[in-house]
Structure formats: structure tokens, C-alpha cells
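Residue-level structural notes
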Amino acid sequence: MIVIALGTGFGLSWYALNDGRLFGAVEIGPWQAWRDVGVPGPDPYTRAHIARAGALELGASEGLQFVATFDSDNRRLDRNCRYRIDGSTPPARFWTLVPVAPDSGAPITRPGGPTDFHSARLSRAPDGSVELYVSKTLAPQNWLEIAGDGPFDLVLSLYDTSSLSGTGANVATLPSIIREACA
Amino acid sequence: MIRTGLWILGGLVLGGIIHLVVILLLPMLSANAAWDRVAALGPAEGMQVLAAVSTDKPNPLRLDPELAYAVCRVDLRKGPGTVAGNLPRAFWSVAVYGRDGTVVYSTTNRDSTSTLLDLGLFNPAQTRLLAEQKLDIAEGLLIVEAQEDDLLIVVRLAPPHPAMRARYEQALANLKCGNLPT
């Protein structure tokens, strides 16, 4: 009984704060965000997530941050693979996309090179959609060179956005993350 | 059989209780909240510009490499808090955090044309004095009421290009942050 109790208790807590899909995190394709992370008086799960992450979360009126740890086919993001990030983003003043190391949060791009994609500095298709590549090997269009080995996360920050604020219509427009080739 | 089932059921109920206790206690027990991380960086008084994110340093606060950040802590027990100054004509935003890292208040310069930041932070007692007009404040002050006395203020500023970062960080450093004279 004790084993079951400890297993359920801590296992469920760990799951709630790491995955959190059942507990206040929203999931749009491969992207996840904690909906109430920037509002005053969040629910206990969001509060625990904030305490555990220890990050400076974006306030609700500042923007919203999505994190992807898996690609659109549910495989862990791996630095040895080339990823195409394809599609359009919700209306926002601007957004940034940063590949980071899961544990330290530091960008994993080539030292001395650009650390991220910025929405104002991209080449776009005539309909405004973007095609971004994250890989160690040279890629066409907008390419961000990464370094190192092991898994990584993608952090998409939308600033001054209304994407989850109830109007709702734009929520489904986050780009997909497609694994193309692995070394 | 029934006995085993009861043991399992008991285990699940106890597990549920452990789960709730963990979730509710975590914010109180966590030693690596954003507050502590910022406090470790420098003194409480005045605006402090955070170092730019780079590939060779850990980024525990999960800052965005595109933005410049300035942080400041105020203690409302010493009087109402204030953050004021001029910022460049670019995206900027202000967030006020409590000790546990939850956001008390946040705003942006919606239209990108506003360059003046003038924020006043008041606890419930000071808000009452304000309503009774016993506190003298300047007109146009953006009034924020907070339920706690220890507040962390973070100003985010987005340089349009990385080359302009130094000038934008200087603008952040010039912001005034502290307690209003009463």
C-alpha cells in the first residue's frame, strides 16, 4: 500500500508538473503552454509549476510562451536531426523562436552565430507563412545552425498576443515541427 | 481478493493526498524560485540590467536572447514603490512578480509609441490612503495594487536589432526604481 501511495503521489505530481496536459497546460500540435502562468492568482498546479521552473514567466498582457520538446510525430527533438518548422503563427507584435538545452535553458546555436529566429527578420512566402530550419547542416530558407549532441527544446515566445485570451479563433495556427533527416 | 483491492484503493487514496500536499507545498518549499535567483545577482536597490543570454552560460531564468531585461526589487513596507523613466520607441513591457514568482501585474506599451513609464506600486493600506487622498502622487501615475510587500519588477525591452543592444540596455539602466518619497 505504501508503495502504491508513494508511487501515485509523487508520480502524479511529477507528471502534473512535467507534462501537465491534464492540469492546466494547453497543447497545440507539438507546442505546450501553461495558460494561467501570467495571471494574478493562478491555480495550484500552475503555481507549483512556476515555483519549480523558477523562471521569469511572461505576464498575461505581455505575451505567451510555448515550448516544444517533441516534433509533430511525437519524437523527442534531437540535435542530430534537421527540423523544418512550417506554418503561420497567431497575431502578435513579434515572436522569437529559440532552440535551448533542456536542463540549462541556454541557446544551443553555434557560438558566435545568431541565437534565435525573430519574426521581423525572416524571409517569408507571399502569404506570410514561414519555413524555418533548425539543424547542424546547411539548410535552405531561414536556417539556424545548432551545435552539440542530445535532445533540445524549442521555445516560441509571442509578444503582445491575444492568442489564448478567449477570442480563440487563432489558437490552432501554430507551426508544425517536421523531422526531415538525421545524421 | 477484496482485501487486496482495499489495500490498493487505500494506496491510491493516500497517493492522492500525497499528490495534493506536494502540489500545495511546492511553492513554499522551492528554493530556486525566480525571486531567489534574482536576489543572488545583486543588491536589492535600484535597477539592474541582466546580462545578455549567450550559448555558453546557463539560463535558469529562461530569458529570451532577443530582449534586454532590467530587474528591481522593492519593499512596500518602506513606502509605495515606483518604476519610472523614459524608454526608446520599441516594444517594452513591465511585469510585477510576487515572492513566489506569480505575476501580480503586467502591461506593455501597446502601440509602441509610448516612451514614458511611470508606475506606482501600493499595498492595500497604501491604496486606502491613496483613496483618502492622504498620499501625494504625481498625475498620470499608473497605479498598481499588490497584496504583498515584497515585489520583483521586470522591465523587458526589445531592441529592433542586436547591434542596438548596448544603447537599449543603457536606457533600462537609467530607469528609476525604488520607494516613493512620502
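As the structure is a computational prediction, the values presented were derived from the model and not from experiment.

Rules behind the numbers
- By convention here, each chain's residues receive numbers from 1 onward along its written sequence.
- By the order in which they are written, chains take letters starting at A while ligands take numbers starting at 1.
- Totals for whole chains, interfaces and linings use all residues, but because this is a predicted model, local features are given only for residues with pLDDT of at least 70 and pairs of side-chain atoms are given and counted only at 80 or more.
- Remark: hydrogens and water are excluded; side-chain values derive from all non-hydrogen atoms of the structure.
- Contact definition: two residues touch when any of their heavy atoms are within 4.5 Å.
- Summed over both partners, the accessible surface that disappears when two parts come together, traced with a 1.4 Å probe, is what is meant by buried area.
- Any carboxyl oxygen of Asp or Glu within 4 Å of a side-chain nitrogen of Lys or Arg constitutes a salt bridge here.
- Under the rule applied, a polar contact is a pair of N or O atoms within 3.5 Å (in protein, one hydrogen donor and one hydrogen acceptor; residues adjacent in sequence only if both atoms are side-chain atoms).
- We count a stretch as a helix when DSSP gives it H or I for four or more residues in a row; a strand needs E for two or more, and each element gets its number in order from the N terminus.
- Residues are grouped as follows: nonpolar covers Ala, Val, Leu, Ile, Met, Phe, Trp, Tyr, Cys and Pro; charged covers Asp, Glu, Lys and Arg; every other residue, Gly included, is treated as polar.
- In this analysis, strands are considered paired if DSSP registers two or more bridges between them.
- A fitted line through C-alpha atoms represents every axis, and for helices the fit uses only the stretch in contact; the resulting angles, taken between N-to-C directions, go from 0 to 180 degrees.
- The handedness rule is simple: strands pointing away from the viewer, and a clockwise path from the first strand over the helix to the second, make the crossover right-handed.
- Residue burial is assigned from relative accessible area. The probe radius is 1.4 Å, only protein chains are included, and a residue is buried under 20% of its type maximum, exposed over 50%, and partly exposed in between.
- Residues grouped as a nonpolar core are buried Ala, Val, Leu, Ile, Met, Phe, Trp, Tyr and Cys residues, joined through side-chain atoms within 4.5 Å.

Before going further, it helps to spend a moment on the interface of chain A and chain B. With 55 residues of chain A at the contact, the number on the chain B side is 59 residues. Summing both partners gives a buried area of about 4400 Å² for chain A against chain B, and 62% of it is carried by carbon and sulfur. Counting every contact that joins chain A to chain B gives 3 salt bridges. One salt bridge connects arginine 47 of chain A with aspartate 100 of chain B, and the closest N-O pair in it is separated by 2.8 Å. Taken together, chain A and chain B are joined by 23 residue pairs in polar contact (both at pLDDT 80 or more). Of all the secondary structure elements, the ones that give two or more residues to the side of chain A that touches chain B are α1 (2-18), α2 (44-53), β5 (94-100) and β9 (153-159) of chain A. Residues of the side of chain A that touches chain B, tallied by class, amount to 32 nonpolar, 14 polar and 9 charged.

Quick look at the side chain of aspartate 64 of chain B now. Inspection of the secondary structure assignment puts aspartate 64 of chain B in the loop between β1 (48-49) and β2 (68-75). Once you skip the residues sitting within four places of it in the chain, aspartate 64 of chain B turns out to touch Thr96, Val98, Ser157 and Tyr159 of chain A together with Val53 and Tyr69 of chain B.

Residue and element names in this part refer to chain B. Pairing within the open sheet is mixed, and its 4 strands lie in the order β7-β6-β3-β9. Every other strand in the sheet has two partners, leaving β7 (142-145) and β9 (176-179) as the edge strands with one partner each. Taken over all neighbouring pairs, the strand axes of this sheet differ in orientation by 15° on average, direction set aside. For strand β3 (residues 81-86) and strand β6 (residues 116-122), the ladder comprises 6 bridges, and the chain directions are antiparallel. Bridging across to β6, glycine 85 finds its partner in leucine 117. Each of β6 and β7 is contacted by helix α3 (residues 124-131), which is oriented at about 110° to β6, the strand it contacts most.

Residues and elements named next belong to chain B. The pairing of β6 with β7 spans 4 bridges and is parallel. Bridge pairing in β7 places phenylalanine 122 opposite glutamate 145. Viewed along the sheet, the connection from β6 through α3 into β7 turns out right-handed.

Okay, the pairing of strand β4 (residues 81-87) of chain A next. All names here are of chain A. Counting buried residues along β4, 5 of its 7 residues qualify, which places the element largely inside the surrounding structure. In this sheet, strand β10 (residues 176-182) lies alongside β4 in antiparallel orientation, the contact comprising 6 bridges. What sits directly across from arginine 84, in β10, is isoleucine 178. Pairing of β4 with strand β7 (residues 130-135) involves 5 bridges; the strand directions are antiparallel. Residue pairing across strands places isoleucine 85 opposite leucine 132, the latter belonging to β7.

Next up on the list: the nonpolar core. Nonpolar side chains in soluble globular proteins tend to be buried together. Formed by 28 residues in total, the largest nonpolar core has its most connected members in Trp31, Phe66, Trp95, Leu97 and Leu154 of chain A. Mapped onto this core, the elements with two or more residues apiece are β1 (25-28), β2 (31-34), β3 (63-68), β4, β5, β7 and β9 of chain A. Grouped together as the second largest cluster of nonpolar side chains are 26 residues, Cys72, Val94, Leu119 and Tyr168 of chain B included.

Residues and elements named next belong to chain B. What the 5 strands build is an open sheet, ordered β1-β2-β8-β4-β5; its pairing is antiparallel. The open sheet is flanked by β1 and β5 (103-108), the only strands paired with a single partner. Across 2 bridges, the pairing between β1 and β2 is antiparallel. Within the sheet, the bridge partner assigned to glutamine 48 lies in β2 and is valine 71. Of the strands in this sheet, β1, β2 and β8 (150-157) touch helix α4 (residues 165-173), which is tilted by about 10° from β2.

When their charged atoms lie close together, side chains carrying opposite charge are able to pair. Under the criterion given, the structure shown has 17 salt bridges over all chains. Of the charged contacts, one joins glutamate 62 of chain A and arginine 156 of chain B as a salt bridge, the two residues approaching to 3.0 Å between their closest N and O atoms. Pair noted here: glutamate 62 of chain A is in the loop between α2 and β3 and arginine 156 of chain B is in strand β8, and the two residues belong to different chains. Using a relative accessible area of 1% as the deciding quantity, one classes arginine 156 of chain B as buried. A salt bridge links arginine 93 of chain A to aspartate 160 of chain A, with the nearest nitrogen and oxygen atoms 2.9 Å apart. Of this pair, arginine 93 of chain A sits in the loop between β4 and β5 while aspartate 160 of chain A sits in the loop between β9 and β10, and the two are 67 residues apart along the sequence. Residue classification places arginine 93 of chain A among the partly exposed positions, given a relative accessible area of 29%. A cluster of three or more residues bridged by salt bridges with shared partners is formed by Asp75, Arg77, Arg99, Asp149 and Asp150 of chain B.

From the geometry alone we can't say anything about function, so treat these as descriptive.
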